[in-house]
Amino acid sequence: MKKLVFFVAISAFALLFSQCTVNRQLSQAKALGDCKFNIASADSVYLSGIDIRKLRNMEDLNPMRYPQIAAGLLSKSIPLSARLNIDITNPTNKVAAINQLEYKIQLADQELFNGFINQRIEVAPGGGSTRVPIKLNANAYQLLTDDKTRSAFTDLVRNMSGTNNTKPSVLTIKIKPTLALGNKKIDYPGYITINQEVTNKILTGQ
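Computed from a prediction, not measured in an experiment: that's the story for all the values here. (Residues numbered from 1 in each chain as written. Predicted model: local features only at pLDDT ≥ 70, side-chain atom pairs only at ≥ 80, totals over all residues. Heavy atoms only, no water.)

A look at helix 4 (residues 150–161)
It helps to recall that an α-helix has 3.6 residues per turn; residues three or four apart then point in one direction. Test applied: Labels follow the DSSP assignment, with helices taken as runs of H or I lasting at least four residues and strands as runs of E lasting at least two, numbered in each case from the N terminus. Helix span, expected: 1.5 Å multiplied by one less than the number of residues in the helix. Relative accessible area decides the class of each residue, using a 1.4 Å probe on protein chains only: under 20% of the type maximum gives buried, over 50% gives exposed, and in between gives partly exposed.
An ideal rise of 1.5 Å per residue puts 16 Å on 12 residues; helix 4 measures up with 16 Å between its terminal C-alpha atoms. For helix 4, the set of buried residues is Phe-153, Thr-154, Asp-155, Leu-156, Val-157, Asn-159, Met-160 and Ser-161. Phi for Gly-162, located one or two positions after helix 4, is positive at around 90°.

Some details on the packing of aromatic side chains
Spelled out, the test is: In this analysis, rings of Phe, Tyr and Trp, with Trp reduced to its six-membered ring, are considered paired at centre separations within 6.5 Å, and the interplanar angle assigns stacked below 30 degrees, edge-to-face beyond 60, and tilted for intermediate values. In this scheme, Lys NZ or Arg CZ marks a charge over a ring once it lies within 6 Å of the ring centre and within 35 degrees of the ring normal.
Applying the stated criterion across every chain yields a total of 0 aromatic pairs. The positively charged end of Lys-176 is found above the aromatic ring belonging to Tyr-191, 4.3 Å away from the centroid.

Quick look at empty space enclosed by the protein
Here is the rule we go by: Only protein atoms enter the calculation, which uses a 1 Å grid: trapped sets of points that fit a 1.4 Å probe without letting it out are cavities, open sets showing protein on both sides within 12 Å along at least five of seven lines are pockets, and any residue with an atom within 4 Å of a point is a lining residue. Grid points are joined across faces, edges and corners, and a volume is the space filled by probe spheres set on the points. Following the grouping adopted for this structure description, the nonpolar residues are Ala, Val, Leu, Ile, Met, Phe, Trp, Tyr, Cys and Pro, the charged ones are Asp, Glu, Lys and Arg, and the polar ones are all others, Gly among them.
For the structure shown, the criterion picks out 2 cavities of 30 Å³ or more. When its volume is computed, the largest cavity comes out at roughly 80 Å³. If you go around the largest cavity, the residues you meet are Leu-32, Phe-37, Ile-86, Ile-88, Leu-101, Tyr-103, Ile-117, Ile-121, Val-132, Ile-134 and Ile-175. Its residues assigned to classes, the lining of the largest cavity shows 11 nonpolar, no polar and no charged.

Remarks on the pattern of salt bridges
Stated formally: Salt bridge criterion: a side-chain nitrogen from Lys or Arg within 4 Å of a carboxyl oxygen from Asp or Glu.
Summed over the entire model, instances satisfying the criterion amount to 6 salt bridges. Close ionic contact of Arg-83 with Asp-43 constitutes a salt bridge, the shortest N to O distance being 2.9 Å. Highlighted residues: Arg-83 in strand 3 (residues 79–90) and Asp-43 in strand 1 (residues 36–47), separated in sequence by 40 residues. Taking relative accessible area as the criterion, Asp-43 reaches 21% and is therefore assigned partly exposed. A salt bridge links Glu-122 to Arg-120, with the shortest nitrogen-to-oxygen separation between them at 3.0 Å.

Some points on the nonpolar core
How we decide: The definition of a nonpolar core used throughout is a set of buried Ala, Val, Leu, Ile, Met, Phe, Trp, Tyr and Cys residues joined through side-chain atoms within 4.5 Å. Contact between two residues is taken to exist if any of their heavy atoms lie within 4.5 Å; hydrogens are not considered.
Phe-37, Ile-88 and Phe-153 are the most contacted members of the largest nonpolar core, which has 52 residues in total. Residue contacts for Phe-153: discarding those within four places in its chain leaves Leu-47, Leu-80, Leu-107, Ala-140, Leu-143 and Leu-144.

Digging into the side chain of Asn-200
Within the secondary structure, Asn-200 sits in the segment after strand 11 (192–198). Look at Asn-200 and you get buried, because its relative accessible area is 18%. Contacts of Asn-200, omitting those with residues within four sequence positions, involve Asn-159, Gly-162, Thr-163 and Asn-164.

Examining unusual backbone geometry
Notably, Ser-44 is not glycine yet its phi reads approximately 55°, a positive angle. Position of Ser-44 relative to the elements: it lies in strand 1. Non-glycine residue Lys-76 carries a positive phi angle of around 60°. Tracing the backbone shows Lys-76 in the loop between helix 2 (67–75) and strand 3.

Topic: the sheet that holds strand 1
Worth spelling out the cut-off: In this analysis, strands are considered paired if DSSP registers two or more bridges between them.
Read across the sheet, 4 strands follow the order 2-1-3-8 without closing on themselves; strand pairing throughout is antiparallel. The open sheet has two edge strands with one neighbour each: strand 2 (50–51) and strand 8 (128–139). Where strand 1 lies against strand 2, 2 bridges are found, and the strand directions are antiparallel. Note that in strand 2 the partner of Tyr-46 across the bridge is Asp-51.

Here we look at the confidence of the model for the protein
Using the following cut-off: Every residue is assigned a pLDDT by the predictor, reflecting its confidence on a scale from 0 to 100.
Looking at the protein as a whole, the pLDDT averages 80, with 81% of positions reaching at least 70. The element-level mean pLDDT for the protein is lowest in helix 1 (residues 2–33), coming to 58, with strand 7 (residues 121–123) highest at 93. Note that residues 2–17 has pLDDT below 50 and, in this model, 0 contacts with residues that lie over four places away or in other chains.

Section: the environment of Ile-50
Along the chain, Ile-50 falls in strand 2. With a relative accessible area of 4%, Ile-50 lands in the buried category. With 16 residues separating them along the chain, Ile-50 and Tyr-66 place their C-alpha atoms 8.5 Å apart. If we ignore the near neighbours within four places in the chain, the residues touching Ile-50 are Val-45, Leu-55, Tyr-66, Gln-68 and Ile-69.

Structural data, given as structure tokens:
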């Protein structure tokens, strides 16, 4: 009888502990959803292995000048890689944190990048801030050849290369935190969505 009572007590404690853990994660994830996200800067930006700072206008994307792009157009594979540095500021009075998250970045309603961050992100309450680097890798072929996205992608290239007098690009960032419950992963309901203009100052972080 004593063993049964002990087992029930342990089971109840484990269930309560799990529930408290989930509630804490939900609270921290909700606080993360109330944070302010800002693309502070970008670096290590390459298109088909070409430093994007060399691509100042659409003429610079001429396949005759860069055989890598010509080969990419034929193979329908134009790799784009970059690192975006995102500042997260927490205006709430609660700790904002998550151990894992999925992210998607869209341009002109088309998905540009997607990926996961498998590390704890924690932002102190009361105006605390942290910077999160996100490595991005994508195939830019569709964006470069589709009439619906070519103009927006060209503006993005110009902005990220630091070209003056370029129309700001609007990026949409969607973030879905993942909660941990033992060995199980539970997706946060819905996405945290951020729309932000990217200007030609992004490479310098101005």
